[in-house]
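Residue strings, one per chain:
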Amino acid sequence: MERDTKGESRALPHGLSLQDRQKLAISGVSDVVNFDENQVIITTGLGTLTIRGSGLHVDQLSLESGELRVTGTIDLLEYDDSGAPGGGFFRRLFQ
């Protein structure tokens, strides 16, 4: 999380860029929960993101700027927004 000029925390802008299912660039990363060659789990302002595949390698990580780069064969990108503020679309729809 970044701090604004008043010292309050705010979520980093979140974005994904996937090239040829081999190179993934992610912005808005606030934490890396776990990673190995088959799975990377990160926390973003929009929920927890799980990346699954094979031969996964974290090439670059900067929590200060919220940037993460992963290479390998990427098979799945899955969000779990149950911990995100406001919850997911369906959670809000059916409350």
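Residues numbered from 1 in each chain as written. Predicted model: local features only at pLDDT ≥ 70, side-chain atom pairs only at ≥ 80, totals over all residues. Heavy atoms only, no water.

Asks: Describe in detail the pattern of salt bridges, supporting the description with residues and values.
Replies: Inspection of the entire model under this criterion finds two salt bridges. Close ionic contact of R21 with D75 constitutes a salt bridge, the shortest N to O distance being 2.6 Å. Of this pair, R21 sits in the loop between β3 (15–19) and β4 (23–27) while D75 sits in strand β8 (residues 67–80), and the two are 54 residues apart along the sequence. On the basis of relative accessible area, R21 is assigned to the partly exposed category, the value being 43%. (Salt bridge = Lys/Arg side-chain N within 4 Å of Asp/Glu carboxyl O. Helix = DSSP H or I, 4+ residues; strand = E, 2+ residues; numbered from the N terminus. Buried < 20%, exposed > 50% of the residue type's maximum accessible area, 1.4 Å probe, protein only.)

Asks: Please provide a residue-by-residue account of the environment of L76, values included.
Replies: Within the element layout of this structure, L76 appears in strand β8. On the basis of relative accessibility, which here comes to 31%, the residue L76 falls in the partly exposed class. Once the C-alpha coordinates of L76 and T50 are considered, the two residues, 26 residues apart in sequence, prove to be 7.7 Å apart. With near-sequence residues (within four places) excluded, L76 lies in contact with T50, I51 and R52. (Contact = heavy atoms within 4.5 Å.)

Asks: Describe in detail the side chain of T44, supporting the description with residues and values.
Replies: Secondary-structure assignment places T44 in strand β6 (residues 39–44). Residue contacts for T44: discarding those within four places in its chain leaves H14, G28, S30 and Y79.

Asks: Help me get a handle on the sheet that holds strand β7 (residues 47–62), residues and values and all.
Replies: Taken in spatial order, the six strands make up an open sheet running β3-β4-β8-β7-β6-β5, and their pairing is antiparallel. Looking at strand neighbours, the two that pair on one side only are β3 and β5 (29–35), the edges of this open sheet. When strand polarity is set aside, the average angle formed by the axes of neighbouring strands in this sheet is 35°. Taken together, the 12 bridges between β7 and β8 define a ladder with antiparallel strand orientation. Paired with G53 across the two strands is I74, which belongs to β8. (Pairing = 2+ DSSP bridges. Axes fitted to C-alpha atoms, helices over the stretch in contact; angles between N-to-C directions.)

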